[in-house]
Amino acid sequence: MKAAVISGVGQVEVTTVDDPRPGPREVVVDVAACGLCGTDLHILQGEFAPTLPVVPGHEFAGVVVDVGSAVTEVVVGDRVAVDPSLYCFECRYCRAGRNNLCLRWAAIGVSTAGGAAEYAVAPVSNCVRLPEHVRLEDAALIEPLSCAVRGYDVLRAQMASRVLIYGSGTMGLMMLQLGKLTGAASIEVVDVNPERLVTATQLGCTAVASGADELDRPEGWDVVIDATGNEKAIQDGLGRVARGGTFLQFGVSDYAARVTIEPYRIYNQEITITGSMAVLHSFERAADLFANGVLDPEVFISDRLPLEDYASALDAFRSGKGRKIQVLP
Ligand SMILES: [Zn+2]
Ligand SMILES: [Zn+2]
C-alpha cells in the first residue's frame, strides 16, 4: 500500500510499504481521511519519542476491511473513528485511571504506523462506530475534538466564565466551540495572524484581536487557554489570568520553551496553572458531540489533499495556512 513515512528528522516521503495485517484483537481500517496537526510536525522534529521510521497520522476514520481472529465487536464494513491512544494498563497512572499519563504512553501514528496511509491497524478497543449520517472524511475531526473535550474536563468549566483563547487554528476554534457549549459568558480570541481570526468571528466569538491589550480587560480572564504552544503567547497569557482564574496549557510547545511565572501572584490570587494532554475518556463523548453537529466540517476542514501531497501538506500546515488540512489516502 501507499503510505507517508517519516524516516528521519526532517525526512518525509510517500512510498510503498507492506499491507498491514491485524493481530488477534486488532482491525484494519481503510482510511477515508487523515488530519494533520502540530504533533506531526513535532514527530518530524524527532520529538514525542517517535519510533522512526513511522507512518504518521493519528486523526483518522475509515471502513473496517479486516478483523483479527479474536474480534467480535466490529465487522468488516463497519465505519469507525479511531482513538489513537495506546496505554499499558499496568503502570501506576493507568491503574489510577489516568491513562493519558501512562509511563509507556504511545499512540497510533506516533509510536506505531498511523493513518497517513491507505490502511491502518488499530486495536478493536480503540474503534468507535459512527452513525450513518456522519461522513467518514469529516469524522477524522473527532480525534482533535476529543482533545478539546479533555481540555474542558481539566478546566471543569463553570457557567458564565470569561474566556480568552490564544490561537485560532483548529484547536483554538474547537475550544471556542466547546466554550460556547459550556456556557461561557464571553469568549475572546487572539491570534497574531489576522486572517485566521475571520473564522473565529464567523463562529460567534465575542471579540477578536491581534493582542490581548486591544481587548481592554484589565481585570483579566477567568479562563485563559493557550492553543498555540508559542512561548510569547504563553507568557502573555499567564499574565492575563484574573484572580482565582485558571491558565490551561493546551497547545504543544517545543521541549525547549521556557516562560517565567510570578509565584507571589499565584499564591495571592489563587491562580491555577494546568495542562491537558491528548485524550482521556473523551473520545466517545467527542464522537457523540460530533454526530450531533457540534462542528461544521466545512468550516473546520480547509484542505482535502491526495496522500501523495503529504509533504507539501505538512509544509502548508507549518506556514499557518488554512485550518484543518487532511489527506485522503
Ligand atoms: Zn492531533
Ligand atoms: Zn500505563
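Residues numbered from 1 in each chain as written. Chains lettered and ligands numbered in written order. Predicted model: local features only at pLDDT ≥ 70, side-chain atom pairs only at ≥ 80, totals over all residues. Heavy atoms only, no water.

### Focus: the overall build of the chain
On a plain count of helices and strands, the chain comes out with 11 helices and 17 strands. Each principal axis of the C-alpha distribution contributes one length, and for the chain these read about 60 × 40 × 40 Å. Across the chain, the fraction of contacts at a sequence separation of at least 24, relative to all contacts at a separation of at least 6, is 70%. Carbon and sulfur atoms make up 50% of the accessible area of the chain, which totals about 14,900 Å². The averaged location of the 41 negative side-chain charges in the chain is 6 Å from the averaged location of its 27 positive side-chain charges. (Helix = DSSP H or I, 4+ residues; strand = E, 2+ residues; numbered from the N terminus. Contact = heavy atoms within 4.5 Å. Areas by Shrake-Rupley, 256 points an atom, 1.4 Å probe, with all protein chains shown as cover. Lys, Arg positive; Asp, Glu negative; His and termini not counted. Charge placed at Lys NZ, Arg CZ, Asp CG, Glu CD.)

### Thoughts on the sheet that holds strand 14 (residues 241-249)
Reading across from one edge, 12-11-10-13-14-15 is the order of the six strands in this open sheet, with parallel pairing throughout. This sheet does not close on itself; its edge strands, each paired only once, are strand 12 (207-209) and strand 15 (272-275). The mean angle between the axes of side-by-side strands here comes to 20 degrees, regardless of whether they run parallel or antiparallel. Direction of pairing for strand 10 (residues 162-166) relative to strand 11 (residues 186-190): parallel, over a ladder of five bridges. (Pairing = 2+ DSSP bridges. Axes fitted to C-alpha atoms, helices over the stretch in contact; angles between N-to-C directions.)

### Some points on the coordination of the zinc ion (ligand 2)
For the zinc ion (ligand 2), the full set of protein donor atoms is C88 (SG), C91 (SG), C94 (SG) and C102 (SG), at a range of 2.3 to 2.4 Å. Here the zinc ion (ligand 2) is ringed by four donor atoms whose angles at the metal span 101 to 120 degrees, and the overall shape comes out tetrahedral. Donor residues for the zinc ion (ligand 2) sit on one chain with the sequence pattern C-x2-C-x2-C-x7-C. Judged by relative accessible area, C102 falls into the buried class, the value being 6%. (Donors = N, O, S within 2.8 Å, 3.2 Å for Na, K, Ca; no water. Tetrahedral: all angles 85-135°; square planar, octahedral: opposite > 155°, others 65-115°. Buried < 20%, exposed > 50% of the residue type's maximum accessible area, 1.4 Å probe, protein only.)

### As for the pattern of salt bridges
All told, the structure shown has 16 salt bridges when counted by the stated rule. One salt bridge connects E308 with K2, and the closest N-O pair in it is separated by 2.3 Å. In this pair, E308 is assigned in the loop between strand 16 (301-306) and helix 11 (310-318) and K2 in strand 1 (residues 2-8), connecting sequence segments 306 residues apart. With relative accessibility at 33%, the residue K2 sits in the partly exposed group. (Salt bridge = Lys/Arg side-chain N within 4 Å of Asp/Glu carboxyl O.)

### With respect to the packing of aromatic side chains
By the definition in use, this model includes two aromatic pairs. Aromatic pair Y87 and F89: ring centres 5.9 Å apart, planes at 85 degrees, arrangement edge-to-face. Look at F89 and you get exposed, because its relative accessible area is 58%. (Phe/Tyr/Trp six-rings, centres within 6.5 Å; stacked < 30°, edge-to-face > 60°.)

### Comments concerning the domain arrangement of the chain
When the domains of the chain are assigned, the result is domain 1 (2-141 + 295-328) and domain 2 (147-275). In this complex, domain 1 contributes 14 residues to the contact, which on the side of domain 2 involves 14 residues. In total, domain 1 and domain 2 occlude about 1,200 Å² of area from one another, counting both sides; carbon and sulfur atoms represent 58% of this. The interface formed by domain 1 and domain 2 includes zero salt bridges. (Domains from an automatic or database assignment. Buried area = accessible area lost by both parts, 1.4 Å probe.)

### Things to note about a nonpolar patch on the surface
Judged by side-chain polarity, Y93, L101, L103 and M277 come together as a nonpolar surface patch covering roughly 340 Å² of accessible area. On the accessibility criterion, Y93 (31% relative accessible area) is partly exposed. (Patch = residues over 30% accessible without salt bridge, like charges linked within 9 Å, V, L, I, M, F, W, Y side chains within 5 Å.)

### Structural notes on unusual backbone geometry
Glycine aside, a negative phi is what most residues show, and trans is what most peptide bonds show. At F89, a position not held by glycine, the phi torsion is positive, near 60 degrees. Within the secondary structure, F89 is located in the loop between strand 6 (85-86) and helix 2 (92-95). The residue E270 is not glycine, and still its phi comes out positive at about 45 degrees. With respect to the helices and strands, the residue E270 is situated in the loop between helix 8 (263-268) and strand 15.

### Quick word on the nonpolar core
Counting 45 residues, the largest nonpolar core has I142, I165 and I225 as its most contacted members. With eight residues, helix 4 (residues 142-155) is the single largest residue contributor to this core. Counting contributing residues per domain, this core is built from domain 1 (2-141 + 295-328) and domain 2 (147-275), each supplying no fewer than three. With residues up to four places along the chain from it excluded, the contact list for I165 reads G172, M175, L176, I187, E188, V189, V190, I225 and A227. I43, F60, A122 and V327 belong to the second-largest nonpolar core, a separate cluster that totals 33 residues. (Core = buried A, V, L, I, M, F, W, Y, C linked by side-chain atoms within 4.5 Å.)

### As for the layout of surface pockets
As a volume, the second largest pocket reaches approximately 350 Å³. Along its surface, the second largest pocket is lined by 17 residues, and D83, Y87, S125, N126 and F283 are the ones closest to its centre. Elements represented by at least two residues in the lining of the second largest pocket include exactly strand 6, strand 9 (127-129) and helix 9 (283-291). When grouped by side-chain class, the residues that make up the lining of the second largest pocket number nine nonpolar, six polar and two charged. (1 Å grid on protein atoms, 1.4 Å probe; cavity = no way out; pocket = protein on both sides within 12 Å on 5 of 7 lines; lining within 4 Å. Points joined across faces, edges and corners; volume = space filled by probe spheres on them. Nonpolar A, V, L, I, M, F, W, Y, C, P; charged D, E, K, R; others polar.)

### A look at the environment of A32
Along the chain, the position of A32 falls in strand 3 (residues 26-35). In sequence terms A32 and G62 are 30 residues apart; their C-alpha atoms lie 4.7 Å from each other. Leave out the neighbours within four places in its chain, and A32 touches A61, G62, L136, E137, L328 and P329.

### Regarding the coordination of the zinc ion (ligand 1)
Within the protein, the zinc ion (ligand 1) binds to C37 (SG), H58 (NE2) and E59 (OE); these donor distances fall in the range 2.1 to 2.3 Å. For the zinc ion (ligand 1), all donor residues lie on one chain, and their spacing in sequence is C-x20-H-E. Within this pair, whereas C37 is found in the loop between strand 3 and helix 1 (38-44), its partner E59 is found in strand 4 (residues 59-67), the two being separated by 22 residues in sequence. According to the relative accessible area criterion, C37 is buried, its value standing at 12%. Assessed through its relative accessible area of 1%, E59 is described here as buried.

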